[in-house]
Structure formats: structure tokens, C-alpha cells
Amino acid sequence: MLWGASLGALELRSEGGATRLRALFPYAQETELAPGRREIIAPRAFADRIERGEDIHLLAGHSYDRPLASRGSGSLTVRDSDEGVELVAEIDPGTSWARDFLAAHAAGLIRGLSPGFRVQPGGERIERRGADLVRTVASAAIFEFSAVARPAYPAAQIEARAWALGDPEDAGLARALNRWRA
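Read on for a plain summary of the structure. The residue numbers shown here count from 1 along each chain, following its written sequence. Thresholds applied to this predicted model are a pLDDT of at least 70 for local features of residues and 80 or more for the giving and counting of side-chain atom pairs; totals over whole chains, interfaces and linings are not thresholded and use all residues. Side-chain measures here rest on the full set of heavy atoms in the structure, leaving out hydrogens and waters.

Bringing the pattern of salt bridges into the picture now. Salt bridge, as used here: a side-chain nitrogen of Lys or Arg that lies within 4 Å of a carboxyl oxygen of Asp or Glu. Under the defined criterion, the tally for this structure stands at 16 salt bridges. A salt bridge links Arg44 to Asp80, with the shortest nitrogen-to-oxygen separation between them at 3.6 Å. Of this pair, Arg44 sits in the loop between β5 (37-41) and α1 (47-51) while Asp80 sits in strand β8 (residues 76-80), placing them 36 residues apart in sequence. Exposure categories follow from relative accessible area, calculated using a 1.4 Å probe and restricted to protein chains: below 20% of the type maximum is buried, above 50% is exposed, and the middle band is partly exposed. Judged by its relative accessible area of 32%, Arg44 is partly exposed. On the accessibility criterion, Asp80 (15% relative accessible area) is buried. A salt bridge links Glu54 to Arg52; the nearest nitrogen and oxygen atoms lie 2.2 Å apart. Since its relative accessible area comes to 26%, Glu54 is described here as partly exposed. Bridged by salt links that share partners, the residues Glu30, Glu32, Arg38, Arg129 and Asp132 form one connected network. Numbering of helices and strands starts at the N terminus; helices are DSSP runs of H or I of at least 4 residues and strands are runs of E of at least 2.

This part covers the sheet that holds strand β11 (residues 124-129). Here we have 4 strands laid out as an open sheet, ordered β4-β5-β12-β11, and mixed in their pairing. Pairing within the sheet leaves two strands with one partner each, and these edge strands are β4 (30-34) and β11. When strand polarity is set aside, the average angle formed by the axes of neighbouring strands in this sheet is 25°. When DSSP finds at least two bridges between two strands, those strands are taken to pair. Two strands pair when backbone bridges link them, and β5 and strand β12 (residues 132-137) are joined in this way by 5 bridges, in the parallel orientation. Counted as the bridge partner of Ile40 is Thr136 from β12. Between the N-to-C directions of two axes lies an angle of 0 to 180 degrees, each axis being a line fitted to C-alpha atoms and, for a helix, fitted only over the stretch in contact.

For the purposes of this section, nonpolar cores are sets of buried Ala, Val, Leu, Ile, Met, Phe, Trp, Tyr and Cys residues that join through side-chain atoms within 4.5 Å. Counting 32 residues, the largest nonpolar core has Phe46, Leu58, Leu87 and Phe145 as the members making the most contacts within it. Every element with two or more residues in this core is listed here: β3 (18-26), β6 (57-60), β7 (63-70), β8, β9 (84-91), α2 (96-106), β10 (112-119) and β13 (140-148).

Moving on, we come to the pairing of β12. Within β12, 5 of the 6 residues are buried, which leaves the element mostly enclosed by the surrounding structure. With 6 bridges joining them, β11 and β12 adopt antiparallel strand pairing. For Arg129, the partnering residue across the bridge sits in β12 and is Asp132. Where β11 folds back on β12, the antiparallel hairpin that results is connected by 2 residues, among which Gly130 adopts a positive phi of roughly 65°.

Let us now look at α2. Given 3.6 residues per turn, any residue in an α-helix points the same way as the ones three and four places further on. Taken residue by residue, α2 has Ala98, Phe101, Leu102, Ala104 and His105 as its buried positions. Projection of α2 onto a plane perpendicular to its axis shows the buried side chains occupying an angular sector of 165°, all on one side. Across α2 from its buried face, at more than 90 degrees, point the exposed residues Asp100 and Ala106. Phi turns positive one or two residues past the end of α2, at Gly108, with a value near 80°. It is the directions from the helix axis to the C-beta atoms that the arc portrays.

On their own, these measurements won't tell you what the molecule is for.
Okay, here's the thing in C-alpha cells:
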């Protein structure tokens, strides 16, 4: 599983004892994953699982051991549009990790949103743009979104990526990139 991230945002509101989280993961925003490596999630790249109504989770820090909400439990609504994915979640503070998340958010420590997804076969395009490589994800299976302190791909998660270049003259670069693979 790959972890996505970039310009997501979280907003929490408490109303009548319930805590509602609203979040947005915008599409078509270029993100620098590492020097010279950029990524763009194309509009509706996550539409397949969202439109089929499949279960998607909201997690604390990409940990399935710390679920905050899910479609399956009825505590998460996910809407897809050309602009991005909007999440609305009812957070129950009955678990220690939910209370920890709510406290960290109140302290301003967790404000980002990061998707966990797997790129579908043929669902990406990698191209050179000057000295940079740019990967555009056009089709990916979204499994979860996570509330995170820093909404960007850290180097350890980049290691999970398999960058494939179509141009044979890029073979040396492909070998160097594949060293990042886990």
C-alpha cells in the first residue's frame, strides 16, 4: 500500500457532544515527494472504490490499529468530485487513540490529510520534466485517508514505490530509482 499526501486539510467542530471532522484532499495539485520527484493525483483518480460504495477508513497516522471512522460503520461519508475528495466523519471519543487525535488536533499538531492507495495497473504515467520525474496517478484504489501531522510523502514511504520509465535511455535512472524500493 502506498501513502499519498499533500494539500489535504482537516477541520473539526463539536456540536452537542459529537465531534465532526471535515476534510478535503484536492486533486490536480503537484507535490514534491523528494528532490526531483513530483506527483500529481489526477481528478477522480480515486473514483472507482468511492463510487462503488466500498468501505474506506479514516485512520490516525495510517494505522489500521487506530481507526477514527469508516464507511462500513456509517461514521464516514466520502464524496468525490473533479476538485477533490471530501470526507465528513463523526469521531467518537470512546477510544484512547480518538481522544489522543482530538487533543493533538486541538493543540494544532495534526492538521493534514493523507490518502492510502494502490495504483491500478496502467493507472500512472511517469514523465521527465526538465531534470525532474513527474508521476501522474490517474487510477488508484483508495483504502483509507489518515489524519497526519505532516501531509507529505516521507522518504521511507517513497521507498515502497516502483518507478518505471518507458524510455530505454532512462535505464540507469530506473536502476537508481529502484534502489529505493522496499
